[in-house]
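# Geometric and topological summary
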Amino acid sequence: MNMGEINLEYKKLGRVTFDEEVKESIDKKDGIHSIVYYVYNIMMIWLFGLLIFKTQIYTSLEIYFNSKDFFKFLFYMPFVIIQILPVFIILYFKKQTISSIGIKKDKIMKSTLIGIIGSIPFSILNIIGPISSGKTLNPSLVDNFWIFLFFLICIGFVEEIIFRGFLQTRIEELMKSKWTSTIFVGIMFGLMHVPIQMIQADMSLIEFIVYDLGHLIITSLMHIYFVYLYTRDKNIIAPTVAHAIINFSYAIFV
């Protein structure tokens, strides 16, 4: 490989671009639809937070299950469907394929490997913190299985479809600037975590944002990282796997 080929490979490594199919099949109306959907999603998250933390439904049902992690996975699934279903309804009426949001059956192994490798730096940081504070790994393989499945499907897959596959590609049509739209959607990604965590912390909106500002900024920046992983192969599997492993690496400590 000569120097020109090496330079080309390095340029490809740093390039953040989406499929031509995506660019050709969407327009500014798609960007508007994505904003409307985001508002819907925030409202659903807020209502779900109220259901979990302001009623006794979750705790009253949880006692009937031996594994709290299995129950959590089971309880979240209907909400996950309600949360993500409008994305597929929009695709259907707009006659857009699921590949336009990164759901593809090719290069699955390569995309999975990209996700695993991409998760390593943040997973190491997540592991160092709990160990240094004296926490130990959850010894239950069953619980760990459900914890991982929860983060893979209910968190990783859903959030990657919504933010990296759907919102990022559509909102870019409104702004015509790749990096402006990426930062903007990153802020949307950070704010998406506010409703349910605000209710859990029993704080007002402003109070919680001030309290959790550092974490919200980090979460917003993670969007840029997940976009990078997504655009390596234009396959949602890569950021989904990375997202799940990063969250899992912290949650398995007790």
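The name an unreviewed UniProt entry gives the protein is CPBP family intramembrane metalloprotease, with Alkaliphilus pronyensis as the organism.

Pairs of packed helices are described in terms of their axes, by the angle between the two and the distance that separates them. Helix H8 (residues 178-192) packs onto helix H3 (residues 28-53) with a crossing angle of 15° between their chain directions and a minimal axis gap of 11 Å. Accordingly, the angle class assigned to the pair H3 and H8 is roughly parallel. In this structure, H3 meets H8 at a crossing whose hand is right-handed. Across the interface between the two elements, Ile-35, Tyr-38, Asn-41, Ile-42 and Ile-45 from H3 touch Phe-184, Met-188, Leu-191 and Met-192 from H8. Among the residues forming the contact of H3 with H8, the class breakdown is 8 nonpolar, 1 polar and no charged.

As recorded in UniProt, the sites labelled "transmembrane region" (unreviewed entry) are residues 35-53, 73-93, 113-133, 145-167, 179-196 and 208-229. Taken as a whole, residues 113-133 contains 95% helix and 0% strand, while its terminal C-alpha atoms sit 31 Å from one another. For residues 179-196, the helix share is 94%, the strand share is 0%, and the end-to-end C-alpha distance is 28 Å.

With that settled, consider a nonpolar patch on the surface. On the surface, Leu-113, Ile-117, Ile-120, Ile-124, Leu-125 and Ile-128 cluster together to form a nonpolar patch covering roughly 580 Å² of accessible area. Looking at the secondary structure, you find Ile-117 in helix H6 (residues 108-132).

Turning our attention to unusual backbone geometry. You will see that Asp-202, though not glycine, has its phi angle at about 55°, which is positive. Judged by relative accessible area, which is 60%, Asp-202 ranks as exposed. Although it is not a glycine, Lys-234 adopts a positive phi angle of roughly 55°. By the secondary structure assignment, Lys-234 is in the loop between helix H11 (213-233) and helix H12 (237-251).

The positions UniProt marks with the feature "domain: CAAX prenyl protease 2/Lysostaphin resistance protein A-like" (unreviewed entry) are residues 144-248. The annotated region residues 144-248 carries 90% helix and 0% strand content, and the separation between its end C-alpha atoms amounts to 8 Å.

A few words now on the side chain of Arg-164. Tracing the backbone through its elements, the reader meets Arg-164 in helix H7 (residues 141-175). There is a polar contact of 2.7 Å between the side chain of Arg-164 and the side chain of Glu-160. Separated by 2.8 Å, the side chains of Arg-164 and His-223 make a polar contact.

All right, on to the nonpolar core then. Judged by nonpolar contacts, the single largest core of 43 residues is most densely connected at Phe-163 and Leu-167. With 14 residues, the top contributor of residues to this core is H7. Apart from the residues lying within four places of it in its own chain, the contact partners of Leu-167 are Ser-34, Tyr-37, Tyr-38, Ile-162, Val-185 and Met-188. Among the nonpolar cores identified, the runner-up in size contains 7 residues, and Phe-226, Leu-229, Ala-238 and Ile-246 belong to it.

Before going further, it helps to spend a moment on the confidence of the model for the protein. In this model, the protein carries a mean pLDDT of 91, and residues with pLDDT of at least 70 account for 92%. Counting interchain partners and residues more than four positions distant, the pLDDT-below-50 stretch residues 1-14 has 7 contacts.

Taken as a whole and judged by the stated rule, the model has 22 aromatic pairs. Between Phe-73 and Trp-146 the ring centres are 5.4 Å apart and the planes differ by 40°, which places this aromatic pair in the tilted class. In this pair, Phe-73 sits in helix H5 (residues 68-93) while Trp-146 sits in helix H7, placing the two residues 73 residues apart along the sequence. Here Trp-146 falls in the buried class, since its relative accessible area comes to 18%. Here Phe-145 and Trp-146 contribute two aromatic rings whose centre-to-centre distance is 5.0 Å and whose plane-to-plane angle is 75°, an arrangement assigned as edge-to-face. Taking the relative accessible area as the measure of exposure, Phe-145 reaches 45% and is therefore partly exposed. Across from the ring centre of Phe-189, 4.3 Å away, lies the NZ or CZ of Arg-164, which sits over that ring.

This next bit is on the pattern of salt bridges. A complete count under the given rule lists 5 salt bridges for this structure. Lys-94 serves as the salt-bridge partner of Asp-30, at 3.9 Å between the closest nitrogen and oxygen. You can see Asp-30 sitting in helix H3 and its partner Lys-94 sitting in the loop between H5 and H6, a full 64 residues away along the chain. The buried category is assigned to Asp-30, whose relative accessible area is 2%. Notably, a salt bridge pairs Arg-164 with Glu-160, separated by 2.7 Å at the nearest N-O pair. Taken together, the residues Arg-164 and Glu-160, both in helix H7 and 4 residues apart, mark about one turn of the helix. Look at Arg-164 and you get buried, because its relative accessible area is 0%. Three or more residues joined by partner-sharing salt bridges are found here, namely Lys-107, Lys-110 and Asp-233.

Rules used throughout
Residues numbered from 1 in each chain as written. Predicted model: local features only at pLDDT ≥ 70, side-chain atom pairs only at ≥ 80, totals over all residues. Heavy atoms only, no water. Axes fitted to C-alpha atoms, helices over the stretch in contact; angles between N-to-C directions. Helix = DSSP H or I, 4+ residues; strand = E, 2+ residues; numbered from the N terminus. Parallel < 35°, antiparallel > 145°, perpendicular 65-115°, else oblique. Left-handed = near helix turned anticlockwise from the far one by under 90°. Contact = heavy atoms within 4.5 Å. Nonpolar A, V, L, I, M, F, W, Y, C, P; charged D, E, K, R; others polar. UniProt positions renumbered as here; feature names shortened; annotations may be inferred. Patch = residues over 30% accessible without salt bridge, like charges linked within 9 Å, V, L, I, M, F, W, Y side chains within 5 Å. Areas by Shrake-Rupley, 256 points an atom, 1.4 Å probe, with all protein chains shown as cover. Salt bridge = Lys/Arg side-chain N within 4 Å of Asp/Glu carboxyl O. Buried < 20%, exposed > 50% of the residue type's maximum accessible area, 1.4 Å probe, protein only. Polar contact = N/O pair within 3.5 Å; in protein donor to acceptor, adjacent residues only side chain to side chain. Core = buried A, V, L, I, M, F, W, Y, C linked by side-chain atoms within 4.5 Å. pLDDT = per-residue confidence, 0-100. Phe/Tyr/Trp six-rings, centres within 6.5 Å; stacked < 30°, edge-to-face > 60°. Lys NZ or Arg CZ within 6 Å of the ring centre and 35° of its normal.

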